[in-house]
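# Secondary and tertiary structure notes
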Amino acid sequence: MTQMWQVNFWGVRGSTPQTGPDFVEVGGHTSCVSVTAGKNLYIFDAGTGLIDCGEWILSREKPEKVYLFLSHAHLDHITGLPFFAPLWLKDWEMNIFAASLASYGGLHKTLSRIFTPPYFPVSWEEVPSKIHLTDLNALEPLRLPDGVSVETIELDHPGGSSGYRMKHNNLSLAYISDSSPMPGSENLTSFVKDVDLLIYDATFTDEEL
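Notes on the structure in this doc start here. (Residues numbered from 1 in each chain as written. Predicted model: local features only at pLDDT ≥ 70, side-chain atom pairs only at ≥ 80, totals over all residues. Heavy atoms only, no water.)

## Let's talk about the overall build of the chain
Counting its secondary structure elements, the chain contains 4 helices and 11 strands. Computed over its C-alpha atoms, the radius of gyration of the chain comes to 17 Å, within 12% of the 17 Å expected for a compact globule of 209 residues. Its C-alpha atoms give the chain principal-axis dimensions of about 45 × 45 × 40 Å. Going through the 209 residues of the chain one by one, you find that 47% of them count as buried. A fraction of 59% describes how many contacts in the chain between residues 6 or more apart in sequence connect residues 24 or more apart. For the chain, the accessible surface area stands at approximately 11,300 Å², while carbon and sulfur atoms represent 53% of it. Here the chain contributes 13 positive and 26 negative side-chain charges, whose respective centroids are spaced 10 Å apart. (Helix = DSSP H or I, 4+ residues; strand = E, 2+ residues; numbered from the N terminus. Rg over C-alpha atoms; globule rule 2.2 N^0.38 Å. Buried < 20%, exposed > 50% of the residue type's maximum accessible area, 1.4 Å probe, protein only. Contact = heavy atoms within 4.5 Å. Areas by Shrake-Rupley, 256 points an atom, 1.4 Å probe, with all protein chains shown as cover. Lys, Arg positive; Asp, Glu negative; His and termini not counted. Charge placed at Lys NZ, Arg CZ, Asp CG, Glu CD.)

Given below as structure tokens:
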């Protein structure tokens with residue numbers, strides 16, 4: 001039986017969310033993509049698109065596991081997290097991963113900064129859902145209980161960023177955000193080679209670069 005994934009693009013904009021008729025074609029939310037694989041849900045980045053993703057999750061059968069992978073902690077990639085509806089439900093559990101935050105004190109310290117006054121009225125320790133935080137080693141693949149493996153690569157982006165390659169059986173996907181195709185990107189080319197779906201940043205034209 002051929003394996004199938006469902007991929008939803010909840011936000012594809014960079015830097016700032018936008019509204020209005022000029023932004024209807026691709027939507028106005030910032031970075032967030034979800035992958036439904038079997039009974040589990042995998043989410044890449046927590047931009048404002050995560051808000052709609054959360055409402056969608058609650059409208060359907062509850063996934064067995066929810067995994068969220070953050071490429072980095074720039075505002076356009078994390079702004080949706082405080083407004084992610086499942087985060088505020090006591091009976092929800094989620095795993096959050098990041099591989100680019102070690103130099104900033106790690107994932108827990110980063111999220112604790114976001115969930116604190118005056119930026120947000122509720123502290124990270126007061127979040128009612130059960131959250132597991134893991135700082136990934138970019139050199140070691142993550143192997144999840146359902147057989148999914150997730151590899152990580154460092155990207156060329158100010159302040160650091162990570163790309164991900166998700167694989168299970170016959171399917172693979174790469175999520176590469178905020179990384180320009182500069183000379184010397186052979187490692188990245190090798191990292192994404194032969195994936196079934198490549199999600200890649202397209203902010204700049206060749207002329208702008």
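## A short note on the nonpolar core
I43, L50, I57, L68, L70, M94 and I96 are the most contacted members of the largest nonpolar core, which totals 28 residues. Listed by contribution, the elements that provide at least two residues to this core are β3 (40-44), α1 (49-58), β4 (66-70), β5 (93-98) and α3 (106-114). With residues near it in sequence (within four places) discarded, I57 still touches L41, I43, P63, F84, P86 and W92. Counting 21 residues, the second largest nonpolar core, distinct from the first, contains A37, F97, L136 and L173. (Core = buried A, V, L, I, M, F, W, Y, C linked by side-chain atoms within 4.5 Å.)

## Re the sheet that holds strand β1 (residues 5-11)
Sheet architecture is open: 6 strands sit in the order β1-β2-β3-β4-β5-β6, paired in mixed fashion. Edge positions in the sheet fall to β1 and β6 (130-135), since each has one partner strand and no second. In this sheet, adjacent strand axes meet at a mean angle of 20 degrees when their direction is disregarded. Against the sheet, α1 contacts β1, β2 (32-37) and β3, and its axis sits at roughly 135 degrees relative to β1. (Pairing = 2+ DSSP bridges. Axes fitted to C-alpha atoms, helices over the stretch in contact; angles between N-to-C directions.)

## Details of the side chain of S31
With respect to the secondary-structure elements, S31 resides in the loop between β1 and β2. Of the residues examined, S31 reaches a relative accessible area of 8% and is grouped as buried.

## Examining the pattern of salt bridges
Overall, the coordinates contain 1 salt bridge when judged by the stated rule. With a shortest N-O distance of 3.8 Å, K39 and E64 are connected by a salt bridge. Linking K39 in the loop between β2 and β3 with E64 in the loop between α1 and β4, this pair joins segments that are 25 residues apart in sequence. The pair K39 / E64 is uniform in exposure class, with both members exposed. (Salt bridge = Lys/Arg side-chain N within 4 Å of Asp/Glu carboxyl O.)

## Here we look at a nonpolar patch on the surface
A contiguous nonpolar surface patch, about 330 Å² in accessible area, is contributed by F9, V12, V26 and L197. Along the chain, the position of L197 falls in strand β11 (residues 197-200). Its relative accessible area of 31% is what places L197 among the partly exposed residues. (Patch = residues over 30% accessible without salt bridge, like charges linked within 9 Å, V, L, I, M, F, W, Y side chains within 5 Å.)

## Quick notes on the packing of aromatic side chains
Counted by the stated rule, this structure contains 13 aromatic pairs. Considering the side-chain rings of F44 and Y164, the 6.0 Å spacing of their centres and the 45 degrees angle between planes classify their relative orientation as tilted. With a gap of 120 residues between them, F44 in strand β3 and Y164 in strand β9 (residues 162-168) connect regions that are remote in the sequence. Here the two residues F44 and Y164 agree in accessibility, since each one is buried. Taking 5.4 Å as the distance between ring centres and 70 degrees as the angle between the ring planes, the aromatic pair formed by F115 and F120 counts as edge-to-face. Of the aromatic side chains, those joined through ring pairs into one cluster are Y42, F44, Y67, F69, F97, Y164 and Y175. (Phe/Tyr/Trp six-rings, centres within 6.5 Å; stacked < 30°, edge-to-face > 60°.)

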